[in-house]
Structure formats: C-alpha cells, structure tokens
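The lines below spell out each chain.
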Amino acid sequence: MRPVLLVHGGAGRVPEDGGGGAREGLAAAAGAAWRLLEEGGPAMEAVIAAVQALEEDPRFNAGYGSVLTEDGDVEMDAAVMDGNTMRAGAVAAVRLVRHPVLLARAVLEEGRHVLLVGEGAERMAAARGLPRCPPGDLITPARRAQWERGRADRGGGTVGAVALDRAGRLAAATSTGGTAGKRAGRVGDSPLIGCGTYADARGAASATGDGEAIIRVVLAARAVDALDPETDLAATAAAALAGMQALTGGTGGLILLDAAGRAGAAHTTPFMAVARRGGGA
Ligand code: ASP
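My aim in this report is to walk through the structure given alongside it, one point at a time.

What about the sheet that holds strand S5 (residues 159-164)?
Read from one edge of the open sheet, seven strands run S4-S3-S2-S6-S5-S1-S11, paired in mixed fashion. With partners counted over all chains shown, the strands left at the sheet margins are strand S4 (115-117) and strand S11 (271-277), one partner each. Taken pair by pair, the neighbouring strands of this sheet meet at an average axis angle of 10 degrees, ignoring direction. As judged from the six bridges shared by S5 and strand S6 (residues 170-176), these two strands associate in the antiparallel manner. Within S6, the position partnered with Leu164 by the bridge is Leu170. Sheet strands in contact with helix H2 (residues 43-56) are strand S1 (4-12), strand S2 (76-82), S5 and S6, and its direction is about 160 degrees off that of S5.

Below, the structure is given as structure tokens:
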C-alpha cells in the first residue's frame, strides 16, 4: 500500500497574512508525519505526530495558541481513532496539558473508556507522565489580546489529520481549543467520535467548523458512510458539508481518506489550509 496523509489547519476566515503562515505550519507538521509513513510507521503515529506539531505551533487553535473561554481560560478537546480496530480515545475540556492529542492516545491505549473530560482527564495525564503545564503557559499574547477585545467567534485554526499507512491501516486525529469566548465546560465536535473525528475500515475523516452544527449532523461518520467508489472524495466531502449547511445553516471543512488511498478535502468557509502527501483523487 502506498501511504497517504492529509492535514488541515481549520476552517474559518481568511487569515490576515492570506494563509501563508498556516500553510507553512502545515507543511512542517505534514513533513514529520510523512517521514514516519514512508518508513513504514503506523497511520496512528503519523496523525498524532502531525497534530502534536500543530499543537505546539502558536498559529493554530490547539494546544499552545488555543483560543480562550469567556472566563479567559484555555479548555481543549482532542480525539484519535484507529480505523481498522475502531479503537478510539478522546478528551474534552482539558486544561494543564500541553498535548491533548497525546492524552487522547493514552485513553485509546488504556482501552477502558473512549472519552474523558476535565479534571479526571487531567489526572490521567499526570498518572501517565504526560507533559503538564500551568494554565497560563498555553496562552499566547495574541490570544490574550483577542480575548481582551471581547471577540467571541470561530476564526479557525483547529487542526486535524488522516492517514493511510503501508499496511493499509487508517487513522484520524483532531485537536482544538474550541470556539473563542465559549462557556466554560462547552465541548465541541472534535472529541466526539463520529462528529469531528472518525475512522473505520472504509475511511477516515477529520472535521472543523461550526461545532454545534457538526455534532448535530454527525459529520465525520456521515462523510465516511457516503464514500463511494464512483465519486471522488473532494465531492463526497463537499456534499456532506452542503448537507450540513442545508440542515443546520452551519459551515465548516472536512478532510477525507479511503482505504484505497483516495483523498479529498472541502470547505464551506472562506478558508481552510490543507497539506497533502501521496494519494489519488
Ligand atoms: N469545530 C471546532 C469546535 O467547535 C472549532 C473549529 O473547528 O474551528 O470546537
């Protein structure tokens, strides 16, 4: 099997720099993940490597650089799913962890639960020796300034990845700080399996956009269900997003990959940066 990788940097407004910074960040993250896949590494490790790199990049709304809640805190959501075993792990409304995607993987590996939230998830991070940080350490000056201006919006910057490895395994991962100015305790689509993140033996998807809309239409699983050998994946992703918009009015973006190595992306927002390595239409 020839490996394939797609990474997105969130659906939203066109950034002030036209998107150059986002594309640069995605290229670096995709490069590291692609090397793993080329060396025969597992799809799960590749999507985690890409997302972890973007959580460290302050240009994205995930990990360091997450948007702030209405109270001025960072609360993050993340999920990972392995398509062939259908094992999944997710965390929601977590603070104090530098890399929510690694904590989501720990939940998957332990296998006892699928989704952990808040303090219980943070305790698991401590027990697993995952990098912890004081709350303020995840807040960038730009996010603090945005919060001070009182801008509650969804500007984009969520990150996600889907991959197919040489052994034919599929995986998906998504990580986000959620929506700027959200209520404390709000959980978006990203950590909800089938909504923002989904993979099975047929395909893998990571979504971004209006979380409340994505949750209601179960967007990622809906897109994988709609995979069809006659239709290219960009069209399948676009149709899933159009369906969401018709049903809810919400907009967003989607990256999609199937077991044959076909890949596609679509967005109904003005902008979504995507990096792609390998694969057909
Ligand atoms: N979907 C994310 C959320 O609602 C936000 C985004 O993708 O920009 O948490």
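Remarks on the sheet that holds strand S9 (residues 252-258)
Pairing between sheet strands relies on hydrogen bonds along the backbone, with the strands arranged either parallel or antiparallel. Taking strand neighbours across the sheet as the criterion, the four strands line up as S7-S8-S9-S10 in an open arrangement whose pairing is antiparallel. Edge strands, defined here as strands with exactly one partner in the open sheet, are strand S7 (197-199) and strand S10 (263-267). Neighbour to neighbour, the strand axes of the sheet diverge by 10 degrees on average, direction disregarded. Sheet analysis places S7 next to strand S8 (residues 203-209), joined by three bridges and oriented antiparallel. Residue pairing across strands places Tyr198 opposite Ala205, the latter belonging to S8. The strands touched by helix H8 (residues 233-248) are S9 and S10; relative to S9, the strand with the most contacts, the crossing angle is about 145 degrees.

Basis of the calculations
- Residues numbered from 1 in each chain as written.
- Predicted model: local features only at pLDDT ≥ 70, side-chain atom pairs only at ≥ 80, totals over all residues.
- Heavy atoms only, no water.
- Pairing = 2+ DSSP bridges.
- Helix = DSSP H or I, 4+ residues; strand = E, 2+ residues; numbered from the N terminus.
- Axes fitted to C-alpha atoms, helices over the stretch in contact; angles between N-to-C directions.
- Contact = heavy atoms within 4.5 Å.

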